[in-house]
Amino acid sequence: NPTRMTDCHYCLQSLRGRKYALREENAYCIACYDSLFANPCEECKQPIECNSKDLAYKGRHWHEGCFKCAKCSRSLVEKPFAAKDELLLCTECYSDEYSSKCFHCQKTIMPGSRKMEFKGSSWHESCFVCQYCRQPLGTKPLITKDNENYCVPCYEKQFAHHCYSCKKVITSGGVTYHDQPWHKECFVCAGCKAQLSGQRFISKDEYPYCIDCFSKLYAKKCAACKKPITALGGPKFISFEERQWHGECFNCAKCFVSLVGQGFLTRQDDVLCHVCGSA
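Predicted model, so just to flag it, every value in this text is computed and none were measured.

Peer 1: How should I be thinking about the overall build of the protein chain in this particular structure?
Peer 2: When helices and strands are tallied, the protein chain shows five helices and 20 strands. The C-alpha radius of gyration computed for the protein chain amounts to 47 Å, which surpasses the reference 19 Å derived for 279 residues by more than 25%, pointing to a less compact arrangement than a globule. When its C-alpha atoms are laid out on the principal axes, the protein chain stretches across 155 × 40 × 35 Å. Counting across all 279 residues of the protein chain, residues that qualify as buried make up 31%. For the protein chain, contacts bridging at least 24 residues in sequence account for 11% of all contacts bridging at least 6. Taken together, the 38 basic and 30 acidic charged side chains of the protein chain have centroids lying 7 Å from each other.

Okay, here's the thing in structure tokens:
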């Protein structure tokens, strides 16, 4: 069609000797092309004419002269920028307004750089290190003490308690005995080796004993029933001339009346009330 490239496809005016623009193989005079196809500029709202440079970002368009930082108005043409709430900002303004500050060095964590987050705070990756060995923590297990972070090996070397018995680190569930830390499983009776954590025990010569072992090894025997006398068996016991009795066992050898708090007489190994002793 010889008229296709010589007349405007929209207004049919001759294009001879005039500038024109092509779209989908159709020719348009500049005025028709701009009115039909020019994108409106986000900044000035005027159409971006075909003889102007059209800068686009996520479906929006700007004149080259309108493509500026929304805060400092510096041109963003061929420069890095960031978007926030549909506003375009140069990296400096974006950092000042929105970027996180490193918890360690208090400097801005620039957009696009890797940051580490822990307990609501942010770090540069290079600042998120063990306080002791200075090695990067990354995603490794860590322990915090006095607002400082430590890798687990360094924390154990510096601060963790070591069991008095096996000398290994106590990570949880320890017990204290004579101001020394113990694993629960290491805190055992010095006699039978049964675990004592949560159990009643008696200390002897700085060693802990379960009640049975202490009674067998150290407790004095009641002169009457021959069973061990321990403080756990009752608060009262009677002692006389290197012999001891349970309170309930301190009775007259003949009539069995209780002698606790009463006067008594002795005959050989027996203790007697005054009535039986005088008979």
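Peer 1: It is not clear to me how the UniProt feature "domain: LIM zinc-binding" (unreviewed entry) in the protein chain should be interpreted in this structure. Could you clarify?
Peer 2: As annotated in UniProt, the feature "domain: LIM zinc-binding" (unreviewed entry) corresponds to residues 39–99, 100–161 and 220–279 in the numbering used here. End-to-end, the C-alpha atoms of residues 39–99 are 32 Å apart, and along that stretch the chain is 13% helix and 26% strand.

Peer 1: In this structure, what is going on with the packing of aromatic side chains? I would like to understand it.
Peer 2: Centre-to-centre distance and the angle between the planes together describe a pair of aromatic rings. Taken as a whole, this structure holds 20 aromatic pairs when the rule is applied. Pairing Tyr177 with Phe201 gives two aromatic rings, centres 5.8 Å apart and planes at 75 degrees, and the pair type is edge-to-face. Of this pair, Tyr177 sits in strand β11 (residues 174–177) while Phe201 is found in strand β13 (residues 201–204), placing the two residues 24 residues apart along the sequence. In this structure Phe201 comes out as partly exposed when scored by relative accessible area, which is 32%. Put simply, the rings of Tyr164, Tyr177, Trp182, Phe187 and Phe201 pair up and form one aromatic cluster. The aromatic ring of Phe37 is capped on one face by Arg23, whose charged end is 4.2 Å from the ring centroid. In this arrangement the basic side chain of Lys167 is found over the ring face of Tyr164, its NZ or CZ atom lying 4.9 Å from the centre.

Peer 1: Is there a simple way to think about unusual backbone geometry in this case?
Peer 2: It is generally the case that most residues other than glycine have a negative phi and that most peptide bonds are trans. Unusually for a residue other than glycine, Asp85 sits at a positive phi of about 50 degrees. We note that Arg134 has phi near 65 degrees; this positive angle belongs to a residue other than glycine. Tracing the backbone shows Arg134 in the loop between β8 (121–124) and β9 (142–145). You can call Arg134 partly exposed: its relative accessible area is 40%.

Rules used throughout
Residues numbered from 1 in each chain as written. Predicted model: local features only at pLDDT ≥ 70, side-chain atom pairs only at ≥ 80, totals over all residues. Heavy atoms only, no water. Helix = DSSP H or I, 4+ residues; strand = E, 2+ residues; numbered from the N terminus. Rg over C-alpha atoms; globule rule 2.2 N^0.38 Å. Buried < 20%, exposed > 50% of the residue type's maximum accessible area, 1.4 Å probe, protein only. Contact = heavy atoms within 4.5 Å. Lys, Arg positive; Asp, Glu negative; His and termini not counted. Charge placed at Lys NZ, Arg CZ, Asp CG, Glu CD. UniProt positions renumbered as here; feature names shortened; annotations may be inferred. Phe/Tyr/Trp six-rings, centres within 6.5 Å; stacked < 30°, edge-to-face > 60°. Lys NZ or Arg CZ within 6 Å of the ring centre and 35° of its normal.

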